[in-house]
Amino acid sequence: MIDENVRRHWSGNRLLAAVPAIDRAMLEPHAQFVELAQGQVLFEPEEDVVITHFPLTGTMAALIVVLEDGRTAEAASIGREGAIGGIVSAGHKPAFTRAVIQIAGPAFRLETARIEVAKQRSSVVRDLFDRYADVLLAQVLQSVVCNAFHPMRQRLARWLLMTQDRIASKELPLTQEYLAQMLGVHRSTVIRVARLLQNDGVIRRARGRLTVVNRAKLEKASCECYGAVARHYERILRLAEAQRVKNAKGAGKRKRKN
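Residues numbered from 1 in each chain as written. Predicted model: local features only at pLDDT ≥ 70, side-chain atom pairs only at ≥ 80, totals over all residues. Heavy atoms only, no water.

Participant: Hey, could you run me through the side chain of Thr72 in this one?
Facilitator: With respect to the helices and strands, the residue Thr72 is situated in strand 5 (residues 72-78). Separated by 3.3 Å, the side chains of Thr72 and Gln181 make a polar contact. Ignoring anything within four residues of it in the chain, the contact list for Thr72 reads Ile64, Val65, Val66, Arg98 and Gln181. (Helix = DSSP H or I, 4+ residues; strand = E, 2+ residues; numbered from the N terminus. Polar contact = N/O pair within 3.5 Å; in protein donor to acceptor, adjacent residues only side chain to side chain. Contact = heavy atoms within 4.5 Å.)

Here you go:
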């Protein structure tokens, strides 16, 4: 029996929404609707990733690399566009990063083994998740370039744009201290740059949150890295949809022949 919350909110995750109806039946009955809390750790490095989470609108998580001295930095952020957990590998899935909820909210919870079965049975599902893995890698690679070449103002603007896309809200419930931790800089640096963006009418700061006042100005303040990853994701989704349509037509032709 399918949880009514799962049925109602399925389209709240873009990756799951792209799964064809015929294949959705392999995943939907096994999904659980859950509420994730801010700071909740989904897995630690070297842990076996037996559960995959699919954030819904309003929820965001981070994949965090932990250094030996305890310092941390964000490697990628994930929201309603994707999934947190075992996406590519089959069998044993040890995590490389820590997965932490940045912005609390709803999500779907699925046993990773169920996803593996769906990928084995459906080339369309397998292709879709492979394409998403490519998008996630693109985000990580672009972040490396961004951190190496672009000033803090552009990096912060890019991060805020990505966050707004993931939670679909102008209100970003993030402290400046947390932003500094995710960006791998001192809190004073984030305060200084955020103040400049506020003075330019781009954002508004308040205790425990930032508000995007002018999205167009925020995009202008960002570097090319935000647009590059966003365009790649949309391109990947279009290719996945084209492949799904092609497969459906092929199946229809074979059915008529038989």
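Participant: Could you clarify how one ought to interpret the sheet that holds strand 1 (residues 32-36) in this entry?
Facilitator: Within a sheet, adjacent strands bond to each other through the backbone by hydrogen bonds, running parallel or antiparallel. Reading across from one edge, 1-7-3 is the order of the three strands in this open sheet, with antiparallel pairing throughout. Whereas interior strands pair on both sides, the edge strands pair on one side only; in this sheet they are strand 1 and strand 3 (51-55). For this sheet the average axis-to-axis angle between neighbouring strands, irrespective of direction, equals 40°. Sheet topology places strand 1 next to strand 7 (residues 105-111); five bridges connect them, and they run antiparallel. Looking at strand 7, one finds that Leu36 is bridged to Gly105. (Pairing = 2+ DSSP bridges. Axes fitted to C-alpha atoms, helices over the stretch in contact; angles between N-to-C directions.)

Participant: Just checking my understanding: could you explain the packing of helix 6 (residues 152-167) against helix 8 (residues 187-199) for this structure?
Facilitator: Two quantities define a packed helix pair, namely the angle between the axes and the distance from one axis to the other. Where helix 6 contacts helix 8, the axes come no closer than 10 Å and their chain directions differ by 80°. The orientation of helix 6 with respect to helix 8, classified from their angle, is roughly perpendicular. Contact with helix 6, carried on its side by Met152, Arg153 and Leu156, involves Thr189, Val193, Ala194, Leu196 and Leu197 of helix 8 and no other residues of that element. Of the residues assigned to the contact of helix 6 with helix 8, the class counts are six nonpolar, one polar and one charged. (Parallel < 35°, antiparallel > 145°, perpendicular 65-115°, else oblique. Nonpolar A, V, L, I, M, F, W, Y, C, P; charged D, E, K, R; others polar.)

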